[in-house]
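Remarks on the overall topology
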Amino acid sequence: TRRRWRLRRVVQKVVAVEQAEGRGGFRVHRSIGRKELRRLDPFLLLDEFHVRRPAGFPDHPHRGFQTVTYMLKGGFHHQDNCGHSSTIYKGDVQWMVSGRGVVHSEMPASEGDNKGLQLWINLPASHKMTYPGKFYQELSASRIPSVTTDGTTVKVVVGECLGMKSVVKTTPPVCYLDFLQEAGASVTQPIPNDWNAFIYVLSGTVGVVKDEESVESLIILSDVVVKDEESVESGAHHTLVLGEGEAVTVKNIGAERAHFILVAGAPIGEPVVQWGPFVMNTQEEIDQANHDFQHAQNGFENARKASCRYIR
Ligand SMILES: Nc1ccc(F)c(C(=O)c2c[nH]c3ncc(Cl)cc23)c1F
Ligand SMILES: [Fe+3]
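Below is a summary of the structure that appears in this document.

1. Some thoughts on the overall build of the chain
Assigned secondary structure in the chain consists of 2 helices and 26 strands. Relative to its 312 residues, the chain shows a buried fraction of 55%. Residue pairs in contact within the chain that sit at least 24 positions apart in sequence constitute 72% of those at least 6 positions apart. Split by element, the accessible area of the chain, about 13,100 Å² in all, is 51% carbon and sulfur.

2. A few points about helix α2 (residues 283-294)
Relative to the 16 Å expected for 12 residues at 1.5 Å per residue, α2 spans 16 Å between its end C-alpha atoms, a close match to the ideal helical length. In this fold, the buried residues of α2 make contact with β5 (57-62), β10 (102-108), β25 (273-275) and β26 (278-280). Following α2 by one or two positions, Ala 296 has its phi on the positive side, about 45°.

3. Some details on the sheet that holds strand β14 (residues 152-158)
Reading across from one edge, β1-β22-β19-β24-β17-β14-β13 is the order of the 7 strands in this open sheet, with antiparallel pairing throughout. Edge positions in the open sheet fall to β1 (10-16) and β13 (146-149), since each of these has one partner strand only. In this sheet, adjacent strand axes meet at a mean angle of 20° when their direction is disregarded. Two strands pair when backbone bridges link them, and β1 and strand β22 (residues 237-242) are joined in this way by 6 bridges, in the antiparallel orientation. Bridged to Lys 13 within β22 is Leu 240.

4. Observations concerning the pattern of salt bridges
Scanning all chains against the criterion turns up 6 salt bridges. Residues Glu 36 and Arg 34 are paired through a salt bridge, measuring 2.8 Å at the closest nitrogen-oxygen approach. Assessed through its relative accessible area of 10%, Arg 34 is described here as buried.

5. Thoughts on the coordination of the iron ion (ligand 2)
Tetrahedral coordination by four donors places them ideally at 109.5 degrees to one another around the metal; octahedral coordination by six donors ideally gives 90 or 180 degrees. Ligation of the iron ion (ligand 2) by protein atoms is provided by His 60 (NE2), His 62 (NE2), His 104 (NE2) and Glu 106 (OE), these donors lying 2.1 to 2.2 Å from the ion. Read in sequence order, the donor residues coordinating the iron ion (ligand 2) give the pattern H-x1-H-x41-H-x1-E. With a gap of 46 residues between them, His 60 in strand β5 and Glu 106 in strand β10 connect regions that are remote in the sequence. Like Glu 106, His 60 is buried.

6. A look at the sheet that holds strand β9 (residues 93-97)
The strand order β2-β3-β4-β11-β6-β9-β12 describes an open sheet built from 7 strands, whose pairing is antiparallel. On the outer flanks of this sheet lie β2 (18-21) and β12 (137-139), each paired with one strand and no other. Direction aside, the axes of adjacent strands within the sheet are offset by 25° on average. Direction of pairing for β9 relative to β12: antiparallel, over a ladder of 3 bridges. Its bridge partner lying in β12, Val 93 is registered against Leu 139.

Reading the values: rules and limits
- Residues numbered from 1 in each chain as written.
- Chains lettered and ligands numbered in written order.
- Predicted model: local features only at pLDDT ≥ 70, side-chain atom pairs only at ≥ 80, totals over all residues.
- Heavy atoms only, no water.
- Helix = DSSP H or I, 4+ residues; strand = E, 2+ residues; numbered from the N terminus.
- Buried < 20%, exposed > 50% of the residue type's maximum accessible area, 1.4 Å probe, protein only.
- Contact = heavy atoms within 4.5 Å.
- Areas by Shrake-Rupley, 256 points an atom, 1.4 Å probe, with all protein chains shown as cover.
- Expected span 1.5 Å × (residues − 1).
- Pairing = 2+ DSSP bridges.
- Axes fitted to C-alpha atoms, helices over the stretch in contact; angles between N-to-C directions.
- Salt bridge = Lys/Arg side-chain N within 4 Å of Asp/Glu carboxyl O.
- Donors = N, O, S within 2.8 Å, 3.2 Å for Na, K, Ca; no water.

Now the structure itself:
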């Protein structure tokens, strides 16, 4: 039986224009983390990265948050100071809780284009100084639940929805869904009322339905020439921040298949003080993180100082 959902509408639309990031020679479409959309509690950053060798993210530290890396093309090799190294490829996801400290490098694993999404999710104060490694997970594409209904295929990258559950359970709870939608299809996705939520469009043209009757066509990616989902020739990628409500209805209003993610999470509601790769609650804790990193202690024990350099 159809029910009337109180639908979330778009309250902010931000274009992630491609930018050079750091000194690694790579380029990112920065969604959350740019000046117009600094943060969306509990989310700190969303980068759609596009990296070719020899560029990459050489040794750098993290403290106080977690990263979810989802590969769209090619692969990425992850090596950290907890003695862990792994490689993820297209469709795989890697979830790393840095907790009190990790130093790692993230480098392209294949010749050619290596593309993916990296989402930074904040940790509550209670979890910021946990030991890393124990909440560390990779998920191969084959283990990511996927369902197709009425022209929409949904993969549950993190969390649960539509009755499907990913084995990746984050604190705070987060739902991270990857949608592939045929032209004309629409899908309604319930989202817990008090969670913050946003859509990031990778390719295609989507509209967020304001209510059952109308489709407010928000995104006309007219300059996107999508030959196939891999080679989006160009395209200003859009972040759609969603307002209050209990669900969102997204319709593919273009002629091509649409590819987008819907990410939602419970806000933490604590003060955030961020300095590059350190995300804490107070400036003193940031100073301590810098001190610990400089002295290779409290989680940065194996920081190979020589090769460690900040990407600010
Ligand atoms: N501090 C700081 C500053 C700048 C950075 F670029 C990074 C960083 O590593 C990344 C930013 N986006 C990314 N997407 C994908 C991957 Cl694999 C890594 C990153 C970082 F940590
Ligand atoms: Fe990193």
